[in-house]
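Survey of secondary and tertiary structure
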Amino acid sequence: MFGNFEELQDKLSELEGRLSDPSLVNNQKEYREVVREHAHLTKLNELYEDYKSVQEDIAENRELLKDENEDPELKELARAELEELAERELQLDKDIKVLLLPKDPNDEKNTLLEIRAGTGGDEAALFVGDLFRMYTRFAESMKWRVETISSSPLGIGGFKEIIALISGEQVYSQLKYESGVHRVQRVPETETQGRVHTSAVTVAILPEAEEVELDIDMNELKFDVYRSSGPGGQSVNTTDSAVRITHLPTGLVVTCQDEKSQHKNKAKALTVLRARLFDAMQREQQAKISQDRKSQVGTGDRSERIRTYNFPQGRLTDHRINLTLYKLEQIMNGKLEDVIFPLIAEDQAEKLKKIQ
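Below, the structure is looked at part by part. Please read all numbers here as calculations on a predicted model, not as lab measurements.

1. Topic: the sheet that holds strand β6 (residues 221-226)
- Within the open sheet, the 3 strands sit side by side as β6-β7-β8. Their pairing is antiparallel. Either end of the sheet is taken by a strand with one partner, and the two such strands are β6 and β8 (252-256). Across the sheet, the mean angle from the axis of one strand to that of its neighbour is 15 degrees, orientation sign disregarded.

This is the structure:
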């Protein structure tokens, strides 16, 4: 598997030459791609240099053990060091293989987070708000930016749905396993007899689509404007600033009313529409390649129950990898890496099985 690693230095030199070219900065998209590839190959080269160094140390220690004239105590030290080196070699081998796995082209992208209330009435709407706070706090810990695109608040303090754009480094790669049905079990505040209720919300994670990836024919869009409304349907301003966009070929409808400016609402609605159409296009492609679906942690289908949040027991269970954690309060406060990292590791392990 390491036959082509000698070419790494040449490739790195080539990329460094391109990065020093002032004209490259004028093309920000290409510049970002070169920077990412250079960082990736630099890490790969460092790991391979460590791997070769460990192999050389292993060879030296084995030669020492073969020497009949060598000091017994020194041999014992060499034997102990060999065990450590063997473990290090295995870990480096795995790390290199992970870096060589095919990359999800969406991993570097910003992400649209969509959370909608499902079964459970008011309790489901309240949990939409709880999940949004959880993702927002996790985003803050990752130095990401969260911008609310659209929301449908209810008077009880929850949301019928909320959509946000999360921008930053490697956002989609971290959040892509969150798509699916999230079930909550807890005692509602209005429950007088202390009975646990079960509710559900759906989470959708969509990679932000760039205009170059998805060209929308503006003639296929129908635009409607109307006055924004708040909880209970009351008007929240006196101008027709809310925007509804209908994609005529698919019937897909997107609305946005969070901004006071019609122009800003239109721009945000187009962002959501583009992401949903891009997601639909990808799902159609992935349906034709079912093996790719099976290689993921779950299917990511929004109809699939992926996780249960049990508040009375302080327990979170991710059903795809049989992960159970009794730290629900910390997770709801944004410590989501305890859930996400095991999902990433499981996904990598499944992919590694296919190349071994």
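2. Digging into the pattern of salt bridges
- Taken as a whole and judged by the stated rule, the model has 25 salt bridges.
- We note a salt bridge from K52 to E49, for which the minimum N-O separation is 3.7 Å. Here K52 and its partner E49 are both found in helix α2 (residues 28-66), 3 residues apart, which amounts to about one turn of the helix.
- When the shortest N-O distance is used, the salt bridge between R88 and D50 registers 3.7 Å. On the criterion of sequence distance, the pair formed by R88 in helix α3 (residues 72-100) and D50 in helix α2 is long-range, its members being 38 residues apart.
- Its relative accessible area of 38% is what places R88 among the partly exposed residues.
- Ionic contacts of the salt-bridge type, sharing partners, join the residues E114, R116, E161 and R276 into one network.

3. Describing the sheet that holds strand β3 (residues 159-167)
- Here we have 8 strands laid out as an open sheet, ordered β2-β3-β1-β5-β4-β9-β10-β11, and mixed in their pairing. Of all the strands in the sheet, just β2 (145-153) and β11 (323-325) have a single pairing partner and so form its edges. Taking the axes of each pair of neighbouring strands and ignoring which way they run, one obtains an average angle of 15 degrees across the sheet.
- Along the sheet, helix α4 (residues 122-141) contacts β1 (111-117), β2, β3, β4 (180-186), β5 (197-207) and β9 (305-310); its crossing angle with β1, the most-contacted strand, is approximately 160 degrees.

4. Some remarks on the packing of aromatic side chains
- By the definition in use, this model includes 3 aromatic pairs.
- Ring geometry for Y48 and Y51: centres 6.3 Å apart, planes at 15 degrees, overall stacked. Of the two residues, Y48 and Y51 both sit in helix α2, 3 residues apart, roughly one turn of that helix. The residues Y48 and Y51 share a single accessibility class, namely buried.
- Look at F138 and W144: their rings are 5.6 Å apart centre to centre, the planes differ by 85 degrees, and that puts the pair in the edge-to-face class. Grouping residues by exposure puts F138 and W144 together as buried.
- In this arrangement the basic side chain of R186 is found over the ring face of F311, its NZ or CZ atom lying 4.9 Å from the centre.

Reading the values: the criteria
- Residues numbered from 1 in each chain as written.
- Predicted model: local features only at pLDDT ≥ 70, side-chain atom pairs only at ≥ 80, totals over all residues.
- Heavy atoms only, no water.
- Pairing = 2+ DSSP bridges.
- Helix = DSSP H or I, 4+ residues; strand = E, 2+ residues; numbered from the N terminus.
- Axes fitted to C-alpha atoms, helices over the stretch in contact; angles between N-to-C directions.
- Salt bridge = Lys/Arg side-chain N within 4 Å of Asp/Glu carboxyl O.
- Buried < 20%, exposed > 50% of the residue type's maximum accessible area, 1.4 Å probe, protein only.
- Contact = heavy atoms within 4.5 Å.
- Phe/Tyr/Trp six-rings, centres within 6.5 Å; stacked < 30°, edge-to-face > 60°.
- Lys NZ or Arg CZ within 6 Å of the ring centre and 35° of its normal.

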